[in-house]
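Residue strings, one per chain:
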Protein chains: 2
Amino acid sequence: MSRKYVYHFSEGDATMRDLLGGKGANLAEMTNIGLPVPQGFTVTTEACTRYYEDGQNISQEIVNQIDEALLKLEEIVDKKFGDLDNPFLVSVRSGSRASMPGMMDTVLNLGLNDNAVEGLAKLTNNPRFAYDSYRRFIQMFSDVVVEIEKTKFDAIMDAVKEQNNITEDSEMTAENLKELVKLYKDLYKEEKGEEFPQDARKQLLAAVEAVFRSWNNPRAIVYRRMNDIPGDWGTAVNVQAMVFGNMGEDSGTGVAFTRNPATGENKLYGEYLIDAQGEDVVAGIRTPNPIDTLKEAMPEIYKQFAEYALKLEKHYKDMQDMEFTIERGKLYMLQTRSGKRTAAAALKIAVDLVGEGLITKEEALLQIDPGQLDALLHPAFEPKALKAAIPIAKGLPASPGAATGHIYFTADAAAEAAKGGQKVILVRQETSPEDIEGMYAAEGILTSRGGMTSHAAVVARGIGTCCVAGCSEIQINETNKTMVTSEKTYGEGDFISLDGTAGNVYGEELPTEDPQMTGDFATLMGWADEFRRMGIRTNADTPRDAKQALDFGAEGIGLCRTEHMFFEEDRIPAIREMIVARNEEERRKALSKLLPLQKADFKGIYEVMEDRAVTIRLLDPPLHEFLPHGDADIRALATDMGLTFDELKGTIEGLQEANPMLGHRGLRLAVTYPEIAEMQTRAIMEAAVEVIVEKGFNILPEIMIPLVGEVKELRYVKDVVVKTAEEVMKEKGVKVNYEVGTMIEVPRATLLADEIATEAEFFSFGTNDLTQMTFGFSRDDAAKFLDDYYEKQIFESDPFARIDQKGVGKLMKMAVDLGKSARPDIKLGICGEHGGDPSSIEFCNSLGLDYVSCSPYRVPIARLAAAQAAIRS
Amino acid sequence: MSRKYVYHFSEGDATMRDLLGGKGANLAEMTNIGLPVPQGFTVTTEACTRYYEDGQNISQEIVNQIDEALLKLEEIVDKKFGDLDNPFLVSVRSGSRASMPGMMDTVLNLGLNDNAVEGLAKLTNNPRFAYDSYRRFIQMFSDVVVEIEKTKFDAIMDAVKEQNNITEDSEMTAENLKELVKLYKDLYKEEKGEEFPQDARKQLLAAVEAVFRSWNNPRAIVYRRMNDIPGDWGTAVNVQAMVFGNMGEDSGTGVAFTRNPATGENKLYGEYLIDAQGEDVVAGIRTPNPIDTLKEAMPEIYKQFAEYALKLEKHYKDMQDMEFTIERGKLYMLQTRSGKRTAAAALKIAVDLVGEGLITKEEALLQIDPGQLDALLHPAFEPKALKAAIPIAKGLPASPGAATGHIYFTADAAAEAAKGGQKVILVRQETSPEDIEGMYAAEGILTSRGGMTSHAAVVARGIGTCCVAGCSEIQINETNKTMVTSEKTYGEGDFISLDGTAGNVYGEELPTEDPQMTGDFATLMGWADEFRRMGIRTNADTPRDAKQALDFGAEGIGLCRTEHMFFEEDRIPAIREMIVARNEEERRKALSKLLPLQKADFKGIYEVMEDRAVTIRLLDPPLHEFLPHGDADIRALATDMGLTFDELKGTIEGLQEANPMLGHRGLRLAVTYPEIAEMQTRAIMEAAVEVIVEKGFNILPEIMIPLVGEVKELRYVKDVVVKTAEEVMKEKGVKVNYEVGTMIEVPRATLLADEIATEAEFFSFGTNDLTQMTFGFSRDDAAKFLDDYYEKQIFESDPFARIDQKGVGKLMKMAVDLGKSARPDIKLGICGEHGGDPSSIEFCNSLGLDYVSCSPYRVPIARLAAAQAAIRS
């Protein structure tokens, strides 16, 4: 038997979403539970996939099934296409597994032809409506199905209006519209070399194909990429009998939510228009009435609708977004689906539904999109002000939140202005580690280069500062201190505002609001903690970040980057002295200056984290990152250090690398200069001892050795660490429960994880680097070509944002299995950017990791995502 | 029962090399076949390993076994330690699995003490000899075992000589030496706080430990790294009764080879001294006699020795290097081992041994070290001139051979001087693709930066030009045109010579000799071809290279890099025009200029290769490699191209990458600019069609798409390639048997090789990049820190020279298995640098690859290595 490609609504149900699409499955489900749904059928997503497999051709098999379904549908609704008395019209709508609103094509009033239009006029007693519908159908069909430009039709319409001295569409008479239909059909013939199709079957097949085709239109592709929807899902096509809300005062149409989608309040929320079609509600020409008023206007219909709404919410156990039409006093339900809602509403609805006994806590947790929580954790613009503002440019939404302040073009200027009490936006082509201080001082950061994982983006997310990155529409000239858009040039001190959630830049001051964390937020997070299996840690380099993360519910630090501390003003001279040292003795001298500073840093962090584990990573970046590059800066530093310019310049040039990402960094530094690891270990351990003695906390330092690829290099550095740690404990007479582990970020480490686990007490997956090396993508450079990869449908999501489970994930799995084979109780975590991404967190849960670590502002998201993963598994 | 750590010579044999070391196993074997060997025992390599496991401590268990063996040995030789009449003395020598001559420590005359010295004097009737032996023993023991500096003893000796008005050691009397012994023992006591040990057992244990310790002395570590000897093998210790060749005119000592190690001639070759100890032969104070003359001096002994030599050669089936001593008319064999030989001798001996029926062809093939062949394929310095010359610096032996010529510091100057008929050495800090022309023109290349896989090294090996790379002892200033050593400054036009085999630089002109390929070479290569399973291809970008490789026996081209062609003077303008094109139209215009040039290149190569497969890789390097960097060059190019300086500079800056190795290169270029792949495919196919039509060859182009990490990107580019190829064949009406495949060089490609194999007809492992990404090592940068890795025993070989089987090899294995699962007949090859490395070739054979591809000058090595691999497997 051949495959079934077409289902009548009565043949499907809500579980068949993959096959019928969301809309089709819900129409079927509504039909099943007895709601009044205009009948129709669904051409499946498999038919769409097959259409592409067959080289964009609808096979005869599918055509036959559509033909049959069409005949049967005529029977069901007891109408006939092209009937002069009771003509049959259908809508043709896309509907994929995931909601993709407005991304694909729709054709309404299909079935209209020169006969049916007369039938419709008779039936509605409204020739004007009938001919308006026909001319709209011709225009829509021509646009969507055969791609005749809309503007050509608009030009004809304008000509007819001018000829008749008409300015508004609504002034057009039935005769005008009849004339228009004739002209439209002429245009069609001229463009296509054939008459406008009068056969409904022909119209329908063409429309179905157009919907299939629209699955791969550019905006659909972009939408899928933004929403992680696979390109091979395909769309279903829903063919449904038309009903008309514009058949007089006993007709109407509307949309409504079962609860308020902005606040979550449990009360019907929506609007409707009497004597109107769906488009009219959306188009905004007439102002719709609040749904409440339907109670008085059509009490019976309202009562019915309220019942249906309640039934649907109980049936689907979630807030519903419904469309309805009233045709001559009869209510039809056209669509239902889970309603989109704000983050605040999502929390309230979920908590309320549990309270109402409609869903379980687990179901409530699964209802919330973890990514949505972000909006609750950051400042936002006042909605009114935002609505009125027009962006001057758009970049990448690199770190969420809203910020407003004065432009500064260097980190120093930004830091200074902030000290003077100004609100500051740091604007740079791109940031580098030297800019850290200015980045901390700024309300927001704007860069013209770099992607979602550029330095600016990573740091901004880490410290919870709003950031718009890679805003290539803006030219930034740091020397001239100008920021140029196509419209205007902005200078130092000028006001701008950034929306890091949307990626928008505004050329003015916009008022912001602080985040409100309601009781529902706390309730839901509490439930998440009940269900999740994995621990949630944070990536934090300072007591401030650590404190923030604790407030958000972090249970430990999974990554403390010691190098971030080195960039601060009081230590950069010592680190530079260390780097340019000509021998071990000089290097040790410089390191001894750093020791008390690092120790103080760690003490600060331990004091905040108390009895919680703190994973501290030894120095990771290549040393040249700490050195100046311009001749003037080099000259100044040389003077400071008592070196000649040539000496220092020579040292700096000698440290340059062709591919620093694959260069002398990570534990390779400690192999060459074990004294660095020694100093850092001493700082970690002495700080622990002091906080244990002074505060009585049980400090749990986990010393993490980065970039391991071979067990012997780990062993070499671990020996230095352990020797130093034991020395400190002996000197101080205090025992510290420290551990030594490694990051798994080099592909080779995953392949030999069993050997590495013999030395490492824990693994922390560094999936940023692991992704770079597994794909051979430099994250600093990949943004330039990844757009081509999305456009050409090679990639559907950014592997730096979402773990590539097939490739990188395979290596992670191998590392987990091998690691456990050698050390069954090995502690496993992740500290790459992916640690805050819900889909990646679910993958980590399936791998059996013990914890994920993410930036402080992602902690609540991670808590929820981890709970969802645990519930789903 | 506990493990046996000590074996008497009579208990072992030659198969126990891993346990007893090479020397110990051979002493045992000689004992077994009835040769007169001074008896002794071997402390096993396992004892050494255990010594390190036990924290550098010889466990009691091993001590007991040594004690026992010592007692038994006294019985066997019927002598007693410290005996006043017949004292027993032993030598203590290291001996590991692999030969490491001179790397570890030796103690002779152990057992001497205040009594035994008297016994020895009596026995030899030579008190002077006895005391000289004792003072040497004290000095050697103190140096090797307890690390008292030699110079302190030398100072005492000088004082004694001065006191007695003696200038030569040989003038010292027995009394002087007796006095010296006393003073030496005083020094020992002063330094160590205890008397010089008189107990032979104590002496022995200390000496054994010293030998164990010497396994990890710095020069042994370096030697192991250079010779790929694992650090965990450990050394055995051989304790053997001393015999004395210095007991008068009926005594003597010598070394000899069973055949001439320089020429391979089948005739005893060696030398001996009468009344002398082994050291004397080596020391060169007395001139030894040729072994021939022993026939007259001691006819019986000579006859015996010649018999033993023949017996040993027949027994070991290989040319032997033997040491012997004659003590009072009795011949003792002290050592035998396979003799080191020149490459020419190795070939002759192997071929002769087969001719003599002593070994099979397989055994002959296994006897040759493939790496040694290299010496036969390149020019060399005239031996006499070389012997007299002193290097001015040492760098890495990056590409073998010898070259002499005038220094030039830029590629242009070098090319011009070469055109003028000069022999030229190109001297640069490092080379870049822009230097290609100058590199081709040069006799040799010297760089101060970069490792064995730097650009200079790779290109030089590819074109067979001698190269010394990374010679950091030399400062090269390209602007001033100077090359500065610690001694002298060299300028443009000065003569230098390079030994690319040894890595030496000479500050003068040295005469060179062209390579001689004898008939034995051809014979052996013929045998290799009989036995090998894998095909041997070559990496060649030009007809010249292809021709050279064919002469060396290549069977196809495994890698033709199309970008090398782009750097030539007549095409670089077009490629630059293509890169700075502002849109597809401009780009296509520039590409159309490149098409006929590329086509001509491919025709040239096809015409040389005839019916053999030619794998052509599509454009691989990042585009910025083709653009100038200096402002002056940019200005000139901008003028040429009708662009403003700022425009061009902007384009060039926009193309800069933080990590070009992981950037926009490989097939990523073709994803962005499919028109490049289109032009290249057209050139490949049109060239094939023309050569098929014009010459009648069956041209077999294999189009290779580089840097694949995801099947969809391969599919995208493959579609472009196939569409173009089919178009060309249709246009021309000629069918070409082309294939489309990919390089496996990104780790992700190995993990998803099954998916990739659905599109790829062949895989070629690009192990250079695969190694870079698997380790996270940039090969341009790793040289800076890899030295630390060798020194600290983390790495024992360069992963860019020898495939890392545990890591990179695991990925290769995965790719092979997955690839075959999806396409059982997939063609598998390797085209990375490793394709010419014998150990890597053996690994490729074990993986089941179909061919290896290497630079032309490695082809004979690969043929031999592939045969060895096939024979061994």
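Residues numbered from 1 in each chain as written. Chains lettered and ligands numbered in written order. Predicted model: local features only at pLDDT ≥ 70, side-chain atom pairs only at ≥ 80, totals over all residues. Heavy atoms only, no water.

Novice: Could you clarify how one ought to interpret the side chain of T325 of chain A in this entry?
Specialist: Residues and elements named next belong to chain A. Inspection of the secondary structure assignment puts T325 in strand β9 (residues 320-327). Assessed through its relative accessible area of 4%, T325 is described here as buried. Here the side chain of T325 touches T253 through a polar contact of 3.1 Å, side chain to side chain. For T325, the residues in contact, after removing those within four places along its chain, are V243, F244, G245, G252, T253, K330, L331, Y332 and L334. (Helix = DSSP H or I, 4+ residues; strand = E, 2+ residues; numbered from the N terminus. Buried < 20%, exposed > 50% of the residue type's maximum accessible area, 1.4 Å probe, protein only. Polar contact = N/O pair within 3.5 Å; in protein donor to acceptor, adjacent residues only side chain to side chain. Contact = heavy atoms within 4.5 Å.)

Novice: Even after reading the chapter, I still don't get the packing of helix α15 (residues 370-377) of chain B against helix α36 (residues 859-872) of chain B, so can you show me in this structure?
Specialist: The angle between the axes and the distance between the axes are what describe a pair of packed helices. All names here are of chain B. Relative orientation of the contacting elements α15 and α36 amounts to 160°, with a least axis distance of 8 Å. Taken together, the axis directions place α15 and α36 in an arrangement best described as roughly antiparallel. The chirality of how α15 crosses α36 is right-handed. Along its contact with α15, which presents P370, G371, L373, D374 and L377, the element α36 presents P860, I861, L864, A865 and Q868. The residue inventory of the contact of α15 with α36, partitioned by class, reads seven nonpolar, two polar and one charged. (Axes fitted to C-alpha atoms, helices over the stretch in contact; angles between N-to-C directions. Parallel < 35°, antiparallel > 145°, perpendicular 65-115°, else oblique. Left-handed = near helix turned anticlockwise from the far one by under 90°. Nonpolar A, V, L, I, M, F, W, Y, C, P; charged D, E, K, R; others polar.)

Novice: Would you explain the sheet that holds strand β18 (residues 475-477) of chain A in this entry?
Specialist: Residues and elements named next belong to chain A. The strand order β18-β19-β20 describes an open sheet built from three strands, whose pairing is antiparallel. Sheet topology places β18 and β20 (489-491) at the edges, where each strand pairs with a single neighbour. Direction aside, the axes of adjacent strands within the sheet are offset by 20° on average. Of the pairings in the sheet, the one linking strand β19 (residues 482-484) to β20 comprises three bridges and is antiparallel in character. In the strand pairing of β20, M483 is matched with Y490. (Pairing = 2+ DSSP bridges.)

Novice: Before we go on, may I ask you to explain the packing of aromatic side chains in this structure?
Specialist: Aromatic ring pairs are reported here in terms of the distance separating the ring centres and the angle at which the planes meet. Residues and elements named next belong to chain A. A full pass over the atoms with the stated rule returns 42 aromatic pairs over all chains. Note on F257 and Y269: the rings are 6.4 Å apart at their centroids and 55° apart in plane angle, and the pair reads as tilted. Remark: Y269 occurs in strand β7 (residues 269-274) and F257 occurs in strand β6 (residues 252-257); sequence separation between them is twelve residues. Overall, the relative accessible area of 40% leaves Y269 in the partly exposed class. Aromatic rings pair up to connect F775, F777, F785, Y789 and F795 into one cluster. Sitting over the ring of Y851, R537 keeps its end group 4.1 Å from the ring centre. (Phe/Tyr/Trp six-rings, centres within 6.5 Å; stacked < 30°, edge-to-face > 60°. Lys NZ or Arg CZ within 6 Å of the ring centre and 35° of its normal.)

Novice: Got a minute to help me understand the pairing of strand β14 (residues 402-408) of chain B in this structure?
Specialist: Side-chain positions along a regular strand alternate between the two faces of the sheet. Residues and elements named next belong to chain B. Summarising burial for β14: seven of the seven residues are buried, a large majority. Inspection of the sheet shows β14 paired to strand β21 (residues 495-499) by five bridges, in the antiparallel sense. When the sheet's bridge partners are listed, G405 is paired in β21 with I496. In this fold, β14 hands off to helix α17 (residues 411-419), which returns the chain to strand β15 (residues 424-428); that crossover is right-handed. (Right-handed = clockwise from strand over helix to strand, strands pointing away.)

Novice: Explain the pattern of salt bridges here, please?
Specialist: Should their charged atoms come close, side chains of opposite charge can pair. Residues and elements named next belong to chain A. Going through the model one piece at a time under the given rule, you end up with 131 salt bridges over all chains. Close ionic contact of D18 with R97 constitutes a salt bridge, the shortest N to O distance being 3.1 Å. Placement of the pair is D18 in helix α1 (residues 17-32) and R97 in the loop between β3 (90-96) and β4 (106-110), with a sequence separation of 79 residues. You can call R97 partly exposed: its relative accessible area is 23%. When the shortest N-O distance is used, the salt bridge between E555 and R532 registers 3.0 Å. Linking E555 in the loop between α21 (543-551) and β25 (557-561) with R532 in the loop between α20 (519-531) and β24 (535-539), this pair joins segments that are 23 residues apart in sequence. Judged by relative accessible area, E555 falls into the partly exposed class, the value being 37%. One network of salt bridges, with partners in common, ties together K599, K603, R682, E686, E690, E694, K723, E727 and E731. (Salt bridge = Lys/Arg side-chain N within 4 Å of Asp/Glu carboxyl O.)

Novice: Explain the environment of K4 of chain B here, please?
Specialist: All names here are of chain B. Within the element layout of this structure, K4 appears in the segment before β1 (6-8). K4 sits 403 residues away from I407 along the chain, and the two C-alpha atoms are 62 Å apart. Every residue in contact with K4, bar those within four places of it in the chain, is listed here: E11, T44 and Q65. Within the structure, the side chain of K4 is placed 3.1 Å from the backbone oxygen of V6, a separation counted as a polar contact. Among the polar contacts listed, one links the side chain of K4 to the side chain of E11, at a separation of 3.2 Å.

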